[in-house]
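# A closer look at the structure
This is what each chain is made of:
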Amino acid sequence: MRSVTVVATTFKGILNKFEQPSLMEARNLKDFLEQTGDYVSVGLYELELSSGPFRKWAILREAPA
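Residues numbered from 1 in each chain as written. Predicted model: local features only at pLDDT ≥ 70, side-chain atom pairs only at ≥ 80, totals over all residues. Heavy atoms only, no water.

### Digging into the sheet that holds strand β1 (residues 4–10)
Overall, antiparallel pairing links the four strands, which are arranged β2-β1-β3-β4 in an open sheet. With one partner strand each, in any of the chains shown, β2 (15–20) and β4 (56–60) form the two edges of the open sheet. When the angles between neighbouring strand axes are averaged without regard to direction, this sheet yields 35°. Relative to β4, strand β3 (residues 39–48) is paired through five bridges, and the arrangement is antiparallel. (Pairing = 2+ DSSP bridges. Helix = DSSP H or I, 4+ residues; strand = E, 2+ residues; numbered from the N terminus. Axes fitted to C-alpha atoms, helices over the stretch in contact; angles between N-to-C directions.)

Right, here's the structure in full:
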């Protein structure tokens, strides 16, 4: 199962994380947050499968059109 999180950074440097149940919902939320203008950056991250206590996050990037 995928774990996709939208991470948004405010102008004051505060990180907000929004876990989403699907990639489509995460992309929709990312688009919405970017349109509000309240955040310096908004990105999509996926928790990669790993064994042990450490977790690794990967940034999801849009493919060029």
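That was the structure; now back to the text.
### Things to note about the pairing of β3
Where β1 lies against β3, seven bridges are found, and the strand directions are antiparallel. Bridging from a neighbouring strand, V4 pairs with E46 of β3.

### Quick word on the side chain of Q20
Tracing the sequence through the fold places Q20 in strand β2. Q20 has contacts with V4, V6, E25, A26 and L29, leaving out every residue within four places of it along the chain. (Contact = heavy atoms within 4.5 Å.)

### Some details on the pattern of salt bridges
In the structure shown here, the tally under the stated rule is one salt bridge. Ionic pairing is found between K30 and E34, a salt bridge with its closest N-O pair at 2.9 Å. Pair noted here: K30 and E34 are both in helix α1 (residues 23–36), with a separation of four residues, about one helical turn. (Salt bridge = Lys/Arg side-chain N within 4 Å of Asp/Glu carboxyl O.)

### Here we look at the pairing of β1
In terms of burial, β1 is largely enclosed, as seven of its seven residues are buried. Of the two faces of β1, the one carrying V4, V6, A8 and T10 and the one carrying T5, V7 and T9 are both buried. In the sheet, β1 pairs with β2 via six bridges, with the strands oriented antiparallel. Paired with T5 across the two strands is E19, which belongs to β2. Linking β1 to β2, which pair antiparallel, is a turn of four residues; within it G13 sits at a positive phi near 85°. (Buried < 20%, exposed > 50% of the residue type's maximum accessible area, 1.4 Å probe, protein only.)

### Digging into the environment of V7
Considering the arrangement of structural elements, one finds V7 in strand β1. Residues V7 and S41, spaced 34 residues apart in sequence, show a C-alpha to C-alpha distance of 8.2 Å. Leaving out residues up to four positions away in the same chain, V7 has contacts with L15, N16, K17, S41, V42, G43 and Y45.

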